[in-house]
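# A look at the structure
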Amino acid sequence: MRYFVFLSLYVFSALSYGLNVVLVNPNPKDEIFWGLVTQLTQEAAIDLDINLKVYYSESHRIVQSELIEKIVTSKDKPDYLIFMPYGGSIFRSFNALEKAKIPFVTVDRVFDINRVKKIGRPQEVFKYWLGEIYIDNFQMGKHLANSLYDYAKKHNISNKGYRAIAINGDYYAESINRAEGFYRALLAKDDVIINQIVPVGWVRQEAGSRFIKLHNRHGLNEIVWAASDQMALGVLDKVAQLGLVPNKDFVIGGIDLIPEAIQAIKDNRMTASVGGHFLQGVWALVKVYDYHHNIADVFVKGDTKPLIKASIIDRDNMDQYYILAKTKDFSGINFNEFTLSHRKLNGENEYNFDLLHFIEKLNASLS
């Protein structure tokens, strides 16, 4: 069967001197996490005077690869392309971009770079692959698991040890690495029994339904770990049916730092969330801007280190981060201030992509 590209396209243009960038959103337009990624990237494009086009590949690797091929063979080729490559179509997409001589940046690593060896590292096999902008999924999974365990111990959720389950996403490296972080963190705890890790395809409703089945099978699990905030919220949608109270009978957390999850932590319904990668499109655009303006060492050949540091939000540090749940207006931030082009004017020679630094700028823009 041939898959036809569904051109779900939203074009966002800023008045600019002519730098054209395409962002391929890997999800449908209404997906919450990638919607936030896209919104912030659009806001950054205004300040950086970049013409940004956003395409949606509808969560399908074949649709995405055909979409990229359509983009690179069009009359209006972009100067740069930013996208999240799927492991099953990565070589096809990279080849198309390399052939068209379009520099590109990848975000969010959902492939195993050690298994897809023929792509090499940035600028090695594919010279137009400038670099990666991603967060360490293993560390995020581990960080969340340790945070949930620490909260459970501190608040005496159980005096007989802890049973744990993981609600995972799919079978791509992103999910596998997050779940591996969960498993390794809790395997090291003498008082934890890991009952099961189940994939539910990132679907909120399915996460809730599967949680009920897991509860019926294993009984109460004092630690409930989810690979995304949406799945953690799906569990919370169902707990009342079982007569369970979050942060009393069990702890629960997710990944992504979406506003609804942060509000749930504030309301004492959820225990923790970890992330910071909702800014990956912004940081990719900032680095593309600097690269285009000949700032040295913006993208380093062979560099595969995660650029984004994981941040965790829980009830103890909620006051620092709550602004992320309260506002949808990022227009007051001057994203140009994150570029090295700007920072060097102030004697600063490194990027500052720390989430708290971004929040400082956000608070200042709203004051």
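Please refer to the structure higher up on the page.
Heads up: these notes are all about the structure in this document.

Conventions we followed
Residues numbered from 1 in each chain as written. Predicted model: local features only at pLDDT ≥ 70, side-chain atom pairs only at ≥ 80, totals over all residues. Heavy atoms only, no water. Pairing = 2+ DSSP bridges. Helix = DSSP H or I, 4+ residues; strand = E, 2+ residues; numbered from the N terminus. Axes fitted to C-alpha atoms, helices over the stretch in contact; angles between N-to-C directions. 1 Å grid on protein atoms, 1.4 Å probe; cavity = no way out; pocket = protein on both sides within 12 Å on 5 of 7 lines; lining within 4 Å. Points joined across faces, edges and corners; volume = space filled by probe spheres on them. Nonpolar A, V, L, I, M, F, W, Y, C, P; charged D, E, K, R; others polar. Contact = heavy atoms within 4.5 Å. Parallel < 35°, antiparallel > 145°, perpendicular 65-115°, else oblique. Left-handed = near helix turned anticlockwise from the far one by under 90°. Salt bridge = Lys/Arg side-chain N within 4 Å of Asp/Glu carboxyl O. Buried < 20%, exposed > 50% of the residue type's maximum accessible area, 1.4 Å probe, protein only. Polar contact = N/O pair within 3.5 Å; in protein donor to acceptor, adjacent residues only side chain to side chain. Phe/Tyr/Trp six-rings, centres within 6.5 Å; stacked < 30°, edge-to-face > 60°. Lys NZ or Arg CZ within 6 Å of the ring centre and 35° of its normal. Expected span 1.5 Å × (residues − 1).

## Here we look at the sheet that holds strand 9 (residues 223-226)
Strands sit in the order 8-7-9-10-11-12 across an open sheet of six strands; the sheet is mixed. Here the strands that pair on one side only, and so sit at the sheet edges, are strand 8 (192-199) and strand 12 (311-314). The mean inter-strand angle of the sheet, taken between neighbouring strand axes irrespective of direction, is 15°. Sheet topology places strand 11 (residues 272-275) next to strand 12; four bridges connect them, and they run antiparallel. In the sheet register, Ala-272 faces strand 12, and the bridge partner there is Asp-314.

## Thoughts on empty space enclosed by the protein
Under the defined criterion, the tally for this structure stands at one cavity of 30 Å³ or more. Its volume calculated, the largest cavity comes out at about 30 Å³. Together, Gly-275, Gly-276, Leu-279, Trp-283, Ile-308, Lys-309, Ser-311, Phe-353 and Leu-355 line the largest cavity. Its residues placed into classes, the lining of the largest cavity shows five nonpolar, three polar and one charged.

## Here's the deal with the environment of Leu-97
Residue position: Leu-97 is located in helix 3 (residues 90-100). Leu-97 sits 16 residues away from Leu-81 along the chain, and the two C-alpha atoms are 8.6 Å apart. Apart from residues no more than four positions distant in its own chain, Leu-97 is found in contact with Ile-68, Val-72, Leu-81, Phe-83, Ile-102 and Phe-104.

## Some remarks on the packing of helix 1 (residues 32-47) against helix 9 (residues 280-292)
Between helix 1 and helix 9, the shortest axis-to-axis distance is 7 Å and the interhelical angle comes to 30°. Taken as axis vectors, helix 1 and helix 9 run roughly parallel relative to one another. Between helix 1 and helix 9 lies a crossing whose hand is right-handed. Of the residues in helix 9, those touching helix 1 at Phe-33, Trp-34, Val-37, Leu-40, Thr-41, Ala-44 and Ala-45 are Gln-280, Gly-281, Val-282 and Leu-285. Residue composition of the contact of helix 1 with helix 9, by class: eight nonpolar, three polar and no charged.

## Looking at the pattern of salt bridges
Across all of its chains, the model carries 13 salt bridges by this definition. A salt bridge links Glu-132 to Arg-109; the nearest nitrogen and oxygen atoms lie 2.6 Å apart. Residue Glu-132 is located in strand 6 (residues 129-133), and its partner Arg-109 is located in the loop between strand 5 (104-107) and strand 6; the two are separated by 23 residues in the primary sequence. Taken as a pair, Glu-132 and Arg-109 share a single burial class, namely buried.

## Focus on the environment of Tyr-162
Note that Tyr-162 resides in strand 7 (residues 162-168). On a C-alpha basis, the gap between Tyr-162 and Lys-189 in space is 9.4 Å, while along the polypeptide they are 27 residues apart. In this structure, Tyr-162 is in contact with Tyr-149, Ala-152, Lys-153, Ile-157, Asp-191, Val-192, Ile-193, Glu-222 and Ile-223, ignoring residues within four places of it in sequence. A polar atom in the side chain of Tyr-162 sits 3.3 Å from the backbone oxygen of Ser-158.

## Quick look at the packing of aromatic side chains
Enumeration according to the criterion identifies 21 aromatic pairs in this entry. Pairing Phe-83 with Phe-104 gives two aromatic rings, centres 6.1 Å apart and planes at 50°, and the pair type is tilted. You can see Phe-83 sitting in strand 4 (residues 80-83) and its partner Phe-104 sitting in strand 5, a full 21 residues away along the chain. Among the residues examined, Phe-104 registers a relative accessible area of 0% and is labelled buried. A centroid spacing of 6.0 Å and a plane angle of 40° characterise the contact between Phe-335 and Phe-338, whose relative ring orientation is tilted. The exposure class of Phe-335 is buried, given its relative accessible area of 0%. Owing to a relative accessible area of 1%, Phe-338 belongs among the buried residues under this scheme. Among the aromatic residues, those joined into a cluster by ring pairs are Phe-278, Trp-283, Phe-330, Phe-335, Phe-338, Tyr-351, Phe-353 and Phe-358. Geometry around Phe-91 places Lys-118 over its ring, the cationic atom sitting 4.2 Å from the centre.

## A few points about helix 4 (residues 137-154)
Over its 18 residues, helix 4 runs 26 Å from end to end, which matches the ideal 26 Å to within 8%, given 1.5 Å per residue. Inspection of helix 4 places Asn-137, Met-140, Gly-141, Leu-144, Ala-145, Ser-147, Leu-148, Tyr-149, Tyr-151 and Ala-152 among the buried residues, and these make up the whole buried set. Where helix 4 begins, the side chain of Asp-136 points an oxygen toward the backbone nitrogen of Phe-138, at a separation of 3.0 Å. A positive phi of about 55° marks Asn-156, the residue just after helix 4.

## Section: the layout of surface pockets
Its volume calculated, the largest pocket comes out at about 670 Å³. Around the largest pocket, the lining is made up of 27 residues, and of these Asn-27, Glu-31, Trp-34, Ser-59 and Trp-202 lie nearest the centre. Of all the elements in the fold, those that place two or more residues in the lining of the largest pocket are helix 1, helix 2 (61-72), helix 5 (173-187) and helix 6 (204-218). The element best represented in the lining of the largest pocket is helix 1, accounting for three residues. The class makeup of the residues in the lining of the largest pocket is 10 nonpolar, eight polar and nine charged.

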